[in-house]
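Each chain, letter by letter, is given below.
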Amino acid sequence: MPLDRTPVPDELRGLRLALLVSGGIAAYKLVDLASALAQAGCQVRVAMTQSAARFVGPPSFQGVTGNAVLTGLWLSAGSPEPHVELGDWAQLIFLAPATANIIGRVASGRSDDIVTATLLAARCPVVIAPAMNDAMWSKPAVQENVATLRHRGVTVVEPETGHLASGHVGTGRLADASKLLKAMADAVRSRYDLAGRRVIVTAGGTREPIDTVRFISNYSSGKMGFALASAAADRGARVTLVTTANHPEHHGVELRHVATADEMLAELRAEIRAADLLMMAAAVADFRPAKTATSKIRRESTPKLTLELESIPDLVATLGREKDAEGVFRVGFAAEDSDLAAEGLEKMNRKGLQAIVANDISRKDTGFGSDDNAGVVMFTDGSSHELEKMTKREMADRILDLVVPRLKKT
Ligand code: CTP
């Protein structure tokens with residue numbers, strides 16, 4: 001089917017795709033494919049071998065994708081390690097037309113050009129579409145290399161039978177565009193169970209100002225929220241992280257820095273309408289100074305300071321009563337020092353949540369500031385799941401394993 005009439009599957013929209021091009025005659029077909037994907041909202045970045053660049057000029061790919069094309073390991077001014085940067089960035093890698101040469105080099109773990117090095121640095125699913133002369137395709141050396149790649153988890157889209165550039169009719173033609181797109185979508189679906197979803201995560205303790213230099217806060221480090229945001233992004237979600245804390249940024253996570261509970265609520269209100277899931281890991285202060293001094297309170301002139309505190313409305317319960325949050329799956333987090341399950345259950349019901357993660361802050365080896373956590377995840381259907389001590393990132397993945405199947409079907 002011609003590319004301009006081949007529908008791009010929804011899973012690929014918004015996806016970060018690295019398109020790796022090697023030196024075969026069918027390379028020209030990839031320009032159309034890159035264009036169709038970019039028009040469908042996919043973020044496409046292209047890297048090509050020197051031979052591929054002799055078949056199709058990099059400006060063609062740059063023109064249709066809007067992104068600079070990598071043609072070597074040393075050429076990128078922006079990044080000292082372009083292959084690592086591209087491998088890290090990509091949520092899916094598609095290599096085509098995969099020649100006998102590139103298949104052999106990938107199978108043997110070579111990394112001496114931008115295409116092989118990116119594949120070695122990749123962390124995401126890889127789909128390859130071989131295309132070559134039929135005699136080359138049928139050779140045991142090529143078939144064994146293809147089997148090796150398959151065994152390592154690479155999806156191989158079989159070439160088709162038909163007219164080849166050599167004039168022969170045989171098996172070796174690059175597969176039809178609809179098959180290429182379907183293989184990419186299948187790879188995305190099996191790996192990214194949050195593809196196409198919007199997730200909001202909150203992280204860190206809010207800071208409620210006393211004056212221009214002092215605030216009231218708590219021990220929350222924000223690590224659990226960052227772990228949840230990264231885990232959701234790695235599963236394909238578009239994530240907004242509303243945070244008071246600073247930790248390394250993660251692809252696919254958009255940061256919104258806030259300080260106070262009021263600022264956090266404003267960001268949440270701006271985002272909640274489009275969201276599928278809200279994970280409220282922030283430790284929102286329960287009280288704030290009733291008045292904030294507009295300049296620094298001086299010790300000399302203030303021998304005794306009494307602060308009057310007012311209570312802060314419950315953000316997640318407030319949002320839950322608003323129309324925009326209808327249908328958003330809301331997960332709360334409860335830091336408890338006794339009666340985990342009972343306290344957690346009571347909070348889930350009181351705050352109108354669909355799930356709550358209760359964790360034990362009386363333990364010294366988990367909780368605030370630690371890289372580890374442990375707790376229990378409870379849902380409104382009465383099910384409850386103990387999570388033994390594990391890293392916060394592992395816990396984030398386990399929480400999502402439980403939550404994702406419960407999200408409303410799109
Ligand atoms: N939360 C909120 N707004 C607040 C306080 C808490 O949205 N003002 C959210 C937290 O982000 C968390 C959940 O409610 O997801 C439970 O927080 P927790 O502090 O345990 O609940 P509280 O109602 O403040 O109960 P406690 O008196 O035990 O602190």
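Residues numbered from 1 in each chain as written. Predicted model: local features only at pLDDT ≥ 70, side-chain atom pairs only at ≥ 80, totals over all residues. Heavy atoms only, no water.

Caption draft 1: Up close: the domain arrangement of the chain. Domain annotation of the chain identifies domain 1 (3–191) and domain 2 (198–406). Domain 1 and domain 2 are separated by 41 Å when their C-alpha centres are compared. In this complex, domain 1 contributes four residues to the contact, which on the side of domain 2 involves four residues. Note on domain 1 versus domain 2: buried area summed over both sides is about 350 Å², and carbon and sulfur give 46% of it. For domain 1, the biggest contributors to the area lost against domain 2 are Arg-16, Gln-91 and Arg-191; these three give 69% of the whole. Inspection of the region where domain 1 meets domain 2 yields zero salt bridges. The tally of links between domain 1 and domain 2 comes to zero residue pairs in polar contact (both at pLDDT 80 or more). Of the residues contributing to the side of domain 1 that touches domain 2, the split by class is one nonpolar, one polar and two charged. (Domains from an automatic or database assignment. Contact = heavy atoms within 4.5 Å. Buried area = accessible area lost by both parts, 1.4 Å probe. Salt bridge = Lys/Arg side-chain N within 4 Å of Asp/Glu carboxyl O. Polar contact = N/O pair within 3.5 Å; in protein donor to acceptor, adjacent residues only side chain to side chain. Nonpolar A, V, L, I, M, F, W, Y, C, P; charged D, E, K, R; others polar.)

Caption draft 2: Examining the environment of Lys-408 more closely. Along the polypeptide, Lys-408 turns up in the segment after helix 14 (392–403). Overall, Lys-408 belongs to the exposed group, its relative accessible area being 57%. Note: C-alpha distance between Lys-408 and Gly-327 (81 residues apart in sequence) is 7.7 Å. Other than its neighbours up to four places away in sequence, Lys-408 contacts Arg-197 and Gly-327. (Helix = DSSP H or I, 4+ residues; strand = E, 2+ residues; numbered from the N terminus. Buried < 20%, exposed > 50% of the residue type's maximum accessible area, 1.4 Å probe, protein only.)

Caption draft 3: Spotlight on the site of the ligand. Residues in close proximity to the ligand total 17 residues, the closest being Met-280, Ala-282, Asp-286, Lys-347 and Lys-351. Note that an oxygen atom of the ligand is positioned 2.6 Å from one of the side-chain N or O atoms of Lys-347. Between an oxygen atom of the ligand and a side-chain N or O atom of Lys-351, the distance comes to 2.8 Å. In isolation the ligand exposes 570 Å². Once the protein is present, 78% of that is buried. (Near = heavy atom within 4 Å. Areas by Shrake-Rupley, 256 points an atom, 1.4 Å probe, with all protein chains shown as cover.)

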